[in-house]
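Observations on the three-dimensional arrangement
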Amino acid sequence: MADEHVLRVENLQTHFFTRAGVARAVDGVSFAIRAGSVLGLVGESGSGKSVTGNSIVGLVDPPGRIVGGRILFHGEDLIKSSPARMRALRGFRIAMILQDPMMTLNPVLRIETQMVEAVQAHENVSSAEARRRACDALGRVGIPKPSERLDAFPHEFSGGMRQRVCIAIALLHNPELIIADEPTTALDVTIQAQILSEMQTLCADNGTALLWITHDLAVVAGLADSIAVMYAGKIVEHGPTDQMIDSPRHPYTRGLIDSVPSRAAPGDPLRQIPGMTPSLLSLPDGCAFRLRCSRAIADCVREPAVGQFGTAHMVRCIRPLDPATGGGVA
Amino acid sequence: MKARQGAAIVEARGVSKRFAKTTDIAGKAARYIFGTHTADQGVQALDRVDLSVNEGELLGLVGESGCGKSTFGRIVAGILPPSEGAIMYRGRDMTELDRSEAKKAKLAIQMIFQDAFSSLNPRMRVGEIVGEAAAYHQIVQREVLDDYVVQLFRRVGLDPADKDRYPHQFSGGQRQRIGIARALAVKPEFLVCDEAVSALDVSIQAQILNLFLKLREEFQLTYLFISHDLGVVRHLSDRVAIMYLGRIVETAATDQLFVSPHHPYTQALIEQVPRLDARRQAFAPLKGELPSPLDPPTGCHFHPRCPLAIERCKREVPPFRKVAQGHWSACIRDG
């Protein structure tokens, strides 16, 4: 049977071998994305969400190393691929957009130089043709007067425009998969709305699969088809967006939703998750969340099994919440 | 929410701030030799801002980056002087207070910054950081300083046993608590919080917001809470002011502002906030970007992006008018 998923990640493990010990930044993560659909990968800092994204494109630096699992891109295992093969895919069929556009763009080269280089790295076309395509891509992401702006340097753009340039570079080759790591976090509300709306249309029109990595549940609630929540290197809950937001099963997901200020009555204290994210070097046994969890019981020291609700909703918890009883944290 | 309406504790009257590049020696020489006159290139960060914060109130100040909200916070906190206009503290101009009164007023207004790490001295132990100002200003006697610091640590949810550690040994949320304890140490009446929770994770952000609300009750604090995050501001504030490119465009009680926003910019902001309850949200974004404050548009600063703009908007600066009880807005089309 042909796999209709553009990307299928199976039991991915990326560990960091530091002097202080082994940090299991990604510890058995599995998910899949179909063409034209959006998966939101949500987690707090240190949860392993960015390392997951970097693992897919093969950009994990030492002391980090992928130690297990498979990353199937149209059935081809990227972990086993040679560096040359990865270079051929990266920026061509798989694109990445990072939080800080200044990390992507070279500050001393004109936008044109950088975009033409990106085109010619993967396709044997003339410079004039490459320039035309670059111009096209800039137009698609809503940059006014693209042919003039091609001659500009990155510092001549505002933050929102720079991020658009990065998105344009990602779109140059109509990639089948885009990995976006917090691309709107540094942007203002009105600019974020512009970028979100453009990404929505672009993915729908081109059938691009999108992995959107963020700490902000509200952003993916309006964008993603399904949401996966990561905590301490593991996906603790994964399901369709509606179910995840309306009836989360994992106490951590519930806590994240309750922490969003707009959910509480103004002026009332927010329902907060006590404590802080644990250090990956000294995770508690069993469920990593149990020390902050109000529903934790003695059994939580054992590794929780994956529970399934319906076909698409999975949760890693011994005592999942029951939406029938209101879903509140007991 | 309880109505808390005291007299104005801090009031900005026509506050403007211009950051100008001073002509360097080469420029002066050029002017002397060639008689060329280079126009001062300056940024008008604030343009005649009137805003008052009443005693006991929590005023949220919202705007996008570059709109001047942080500059305003710094001027209110006395870190920057205004180019024009005045900051009144309890009805008196801050610059006309005598030395001891001015010192009292400055201590009464404290600031909490976004980046707690760069506002904490990395070489000092956090206990010293928190206690230093209180000791210097003789708010507590040296003998009881230790107890005082321990108390403050407890108040903000830090473990007093950690007071001999250094800032780098703390997480982001804890560092923000240290910054809050340091501000509280001089017994302020008024806190200016500049994006105080923006750099924190959602779950930690909720903890710090709860701490602000708790401290407000305990110490009868008044807040100017500056943020780009409408959700946070809606949750905390009694009243909200919206700023765009150096001008206040709307102020109203929080409920009123969110239920019936008046200014087209406020309306756009509220519509575009990603919400948990919006699925497959169709973002209908505002066109364009925040214009450069180096070269602000004529008339109403918002007119190039405004869906409702008319010809007059290009020429006239809209007056700040009362549109309902306690609700003010600066849009020509209201007239």
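Residues numbered from 1 in each chain as written. Chains lettered and ligands numbered in written order. Predicted model: local features only at pLDDT ≥ 70, side-chain atom pairs only at ≥ 80, totals over all residues.

1. With respect to the overall build of chain A
- Broken down by element type, chain A carries 11 helices and 12 strands.
- Relative to the compact-globule value of 20 Å for 330 residues, chain A shows a C-alpha radius of gyration of 21 Å, a close match.
- Split into buried and exposed, the 330 residues of chain A put 48% on the buried side.
- When contacts within chain A are restricted to residue pairs at least 6 apart in sequence, long-range pairs at least 24 apart make up 64% of them. (Helix = DSSP H or I, 4+ residues; strand = E, 2+ residues; numbered from the N terminus. Rg over C-alpha atoms; globule rule 2.2 N^0.38 Å. Buried ≥ 20, exposed ≤ 12 C-beta atoms within 10 Å, placed from the backbone. Contact = placed C-beta atoms within 7 Å.)

2. So, the environment of A:Val306
All names here are of chain A.
- Mapped onto the fold, Val 306 is located in strand 11 (residues 306-309).
- Accessibility expressed as a C-beta count within 10 Å gives 15 for Val 306, which makes it partly exposed.
- Expressed as a C-alpha distance, the spacing of Val 306 and Pro 251, which sit 55 residues apart in the sequence, is 14 Å.
- With residues near it in sequence (within four places) discarded, Val 306 still touches Met 314 and Arg 316.

3. Points about the sheet that holds strand 3 (residues 38-42) of chain A
All names here are of chain A.
- Sheet architecture is open: 8 strands sit in the order 6-7-8-3-9-10-12-11, paired in mixed fashion. Only two strands of the sheet have a single partner each, and these edge strands are strand 6 (94-97) and strand 11. Adjacent strand axes in the sheet meet at a mean angle of 20° when their direction is disregarded.
- Pairing analysis gives 5 bridges linking strand 3 to strand 8 (residues 209-214), with the strands arranged parallel. Bridge pairing in strand 8 links Leu 39 to Leu 211. (Pairing = 2+ DSSP bridges. Axes fitted to C-alpha atoms, helices over the stretch in contact; angles between N-to-C directions.)

4. Comments concerning the nonpolar core
- Judged by nonpolar contacts, the single largest core of 182 residues is most densely connected at A:Trp212, A:Val229, B:Val76, B:Ala181 and B:Phe225.
- The biggest single contributor to this core is helix 7 (residues 159-171) of chain A, with 8 residues.
- Not counting residues within four places of it along the chain, the set of residues in contact with B:Phe225 comprises B:Leu58, B:Leu59, B:Gly60, B:Leu61, B:Cys193, B:Val233, B:Leu236 and B:Ser237. (Core = buried A, V, L, I, M, F, W, Y, C linked by C-beta atoms within 7 Å.)

5. Quick word on the confidence of the model for chain B
- Residues of chain B with pLDDT of at least 70 account for 93%, and the chain-wide mean is 87.
- Here the prediction assigns the complex a pTM of 0.82, and the interface score ipTM is 0.75. (pLDDT = per-residue confidence, 0-100.)

6. Remarks on unusual backbone geometry
- That bond from A:Pro62 to A:Pro63 is cis: its omega, 10°, falls within 30 degrees of zero.
- Relative to the elements of secondary structure, A:Pro63 occurs in the loop between helix 1 (49-56) and strand 4 (64-73).
- Positive phi is not limited to glycine here, since B:Lys187 has a value of about 55°.
- Relative to the assigned elements, B:Lys187 resides in the loop between helix 6 (172-184) and strand 7 (190-194).
- Assessed through the 14 C-beta atoms surrounding it within 10 Å, B:Lys187 is described here as partly exposed.
- At B:Gln220, a position not held by glycine, the phi torsion is positive, near 50°.
- Along the chain, B:Gln220 falls in the loop between helix 7 (202-219) and strand 8 (222-227).
- The class of B:Gln220 is exposed, set by 12 C-beta atoms lying within 10 Å.

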